[in-house]
Structures are given as C-alpha cells and as structure tokens.
Amino acid sequence: MIWAYPREYKDKNTAGQSTANPKEFTFPSYGSFIYWVSKGYAVLDNAAFPIVGEGKKEPNDSFIEQLVANAEAAINAVDKLGYIDRKKVAVGGHSYGAFMTAHLLSNSKLFAAGIARSGAYNRTLTPFGFQSEQRNFWDDPALYMTMSPFVSADRMKTPLLLIHGGADNNPGTFTLQTERYFQALKNLGAPVRMVILPREAHGYVAKENIFHLLWEQDQFLEKYLKN
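In short, a report on the structure. (Residues numbered from 1 in each chain as written. Predicted model: local features only at pLDDT ≥ 70, side-chain atom pairs only at ≥ 80, totals over all residues. Heavy atoms only, no water.)

## Quick notes on the overall build of the protein chain
Just so we agree on the cut-off: Only DSSP runs of H or I with at least four residues qualify as helices, and only runs of E with at least two residues qualify as strands; both kinds are numbered from the N terminus onward. It is over C-alpha atoms that the radius of gyration is taken, and the globule rule equals 2.2 Å times the number of residues to the power 0.38. Accessible area is worked out with a 1.4 Å probe on protein chains only. A residue is then buried under 20% of its type maximum, exposed over 50%, and partly exposed in between. Working rule for contacts: check all heavy atoms of both residues, and any pair within 4.5 Å makes them a contact. To measure how exposed things are, a 1.4 Å probe is used in the Shrake-Rupley method; for residues, cover is taken only from the protein chains shown. Within this scheme the basic residues Lys and Arg register as positive and the acidic residues Asp and Glu register as negative, but His and the chain ends are omitted. Here the site of a charge means atom NZ of a Lys, CZ of an Arg, CG of an Asp or CD of a Glu.
Helix and strand counts for the protein chain stand at six helices and six strands. In the protein chain, the succession of helices and strands from N to C terminus is β-α-β-α-β-α-β-α-β-α-β-α. Taken against the 2.2 N^0.38 rule, which gives 17 Å for 227 residues, the C-alpha radius of gyration of the protein chain at 17 Å falls within 12% of a compact globule. If you line up the protein chain on its principal axes, its C-alpha atoms span 50 × 40 × 30 Å. Out of the 227 residues belonging to the protein chain, those deemed buried represent 48%. Within the protein chain, contacts between residues at least 6 apart in sequence are counted, and of these 70% link residues at least 24 apart. When the accessible area of the protein chain is evaluated, it comes to approximately 11900 Å², of which 54% is carbon and sulfur surface. Of the side chains in the protein chain, 24 bear a positive and 22 a negative charge, and the two mean positions are spaced by 5 Å.

## Notes on the pattern of salt bridges
Which entries qualify depends on this criterion: In what follows, salt bridge is the name for a side-chain nitrogen of Lys or Arg lying within 4 Å of a carboxyl oxygen of Asp or Glu.
For the structure shown, the criterion picks out eight salt bridges. Between Arg 86 and Asp 79 there is a salt bridge, with the nearest N and O atoms lying 3.2 Å from each other. Using a relative accessible area of 26% as the deciding quantity, one classes Asp 79 as partly exposed. One salt-bridge network, held together by shared partners, links Asp 61, Glu 133, Arg 135 and Asp 140.

## A short note on unusual backbone geometry
The phi torsion of most residues other than glycine is negative, and most of the peptide bonds are trans. Its identity as a non-glycine residue notwithstanding, Asn 46 has a phi of 55°, on the positive side. Structurally, Asn 46 can be placed in strand 2 (residues 44-52). Of note, Arg 199 is a non-glycine position whose phi angle comes to about 65°, a positive value. Its place among the elements puts Arg 199 in the loop between strand 6 (192-197) and helix 6 (207-226). Overall, the relative accessible area of 81% leaves Arg 199 in the exposed class.

## Concerning the nonpolar core
Threshold: What is meant by a nonpolar core is a set of buried Ala, Val, Leu, Ile, Met, Phe, Trp, Tyr and Cys residues, joined one to another through side-chain atoms within 4.5 Å.
Grouped together as the largest cluster of nonpolar side chains are 39 residues, with contacts concentrated most on Ile 2, Phe 49 and Phe 111. Elements represented by at least two residues in this core include exactly strand 1 (2-9), strand 2, helix 2 (63-80), helix 3 (96-107), helix 4 (141-146), strand 5 (160-165) and helix 5 (176-187). Not counting residues within four places of it along the chain, the set of residues in contact with Phe 111 comprises Ile 2, Ala 71, Ile 75, Val 89, Ala 90, Val 91, Leu 104, Leu 105 and Thr 158. Counting 19 residues, the second largest nonpolar core, distinct from the first, contains Met 1, Trp 3, Leu 161 and Leu 213.

## What to know about the side chain of Thr 101
Looking at where Thr 101 falls in the secondary structure, it is placed in helix 3. Using a relative accessible area of 0% as the deciding quantity, one classes Thr 101 as buried. Other than its neighbours up to four places away in sequence, Thr 101 contacts Val 91, Gly 92, Gly 93, Gly 114, Ile 115, Ala 116 and Leu 160.

What follows is the structure, encoded as structure tokens:
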C-alpha cells in the first residue's frame, strides 16, 4: 500500500532533498496505514512524489506524466527489496493525495485498487488556482481540463474507494467534488464505492466516523488487494 501526497518544485535540486529522519519513531494515527502492517500488508507511508517544473515550465504542465513516473519508481524500489507482488499494489491519499490517486488509477495500470479521501476531482470548480498553481481557469482552460480526474472518468477501470466528510469546509474540496465524481464513475460502470462521513470537515474527528472509516478501508483492501 502506497500512501502519498505530491508536492510541486521549481528545480530538481530542491525536489531531490532528503527530509527523512532515520531516527524518527513510527507512530499510528487514524490517517496512517501502519495498522495494516499487522495484517500482512507492506506499507510505503508518506512516499515522496515530487512534481518539478524548471525555467519557463510549470510543474503542472507535465503533472500526470511525472505522477505516473513517481508511482512506478516507488513500486520498483519496494519490489527490489523483495517485499511485494507487483500485481497487488494499492495507492491512496487524503486531499491532494486523493486527487493524485484518481489520476494514477485513470492514467496507469500500476495499481490494483485505490483509496481517495476528501479530494477534488473537477478543477473547473476551483477556477482561481489550486495548490501551487497560479494560473486561473481562463488563463489556461486546457490545463484545468487535463488536471481534472472528472474528465477522464471514462478511463477508470480500477476499484476505487471514495471517502469524504459531509461538511467539508475546505474551499478546494467541498463534498460536492466527491459526490459528482462518484456519479460520473458509477454511470460509466467503474468499480467505485462512496462513503460520506456525517458532519465531518476536511479532517475527521468523531470516534464513530473514524471507526467506520477504518472498517471501510479494511474491507476494501481485503476484497480488492489481499484476495
């Protein structure tokens, strides 16, 4: 299971810096997939997925190509250690990581399943920029369409678990994003499940919702990844 969050950089040297601390303790939280190690999964948590745009090129000009290359490199690195079956790798993320997951499943055949939590999938609904993108929709409509997993929903063939808080107050990830994306995927015949957590904002806090979230993720992985 690869859990990641892509980050943009303007040069390769900055993107290549190492921020990992080998002496840092591993600790569990509801958002972490460390729990699944105890169930026999190999987990690559907080994988580095740098998106680089140097000179006059912006990172998002080649976002999808770089994203797929990052994912393949991550799989190759763990496979080299002898830990995995390449045909049984899942990917997931929260917020921009969910957006990343949708793109990877629609634009590659690297993964057997994906989990996307509280993401944004239609960039025309964030027309004045997102993450580090400074261009607005009217500056480059084609970019916003390419950067929208909603537009490539017809290419989604991989099982996807969509999760969102029912009261997401983050202006870039309103709950509507997941609801409309789910409707598109479902009508196109994609293997997708949607879970809306009642009254949760962009991060989840209610014990009942967190327990249900963990159960949904566990059942999904057991069905589509382990078996």
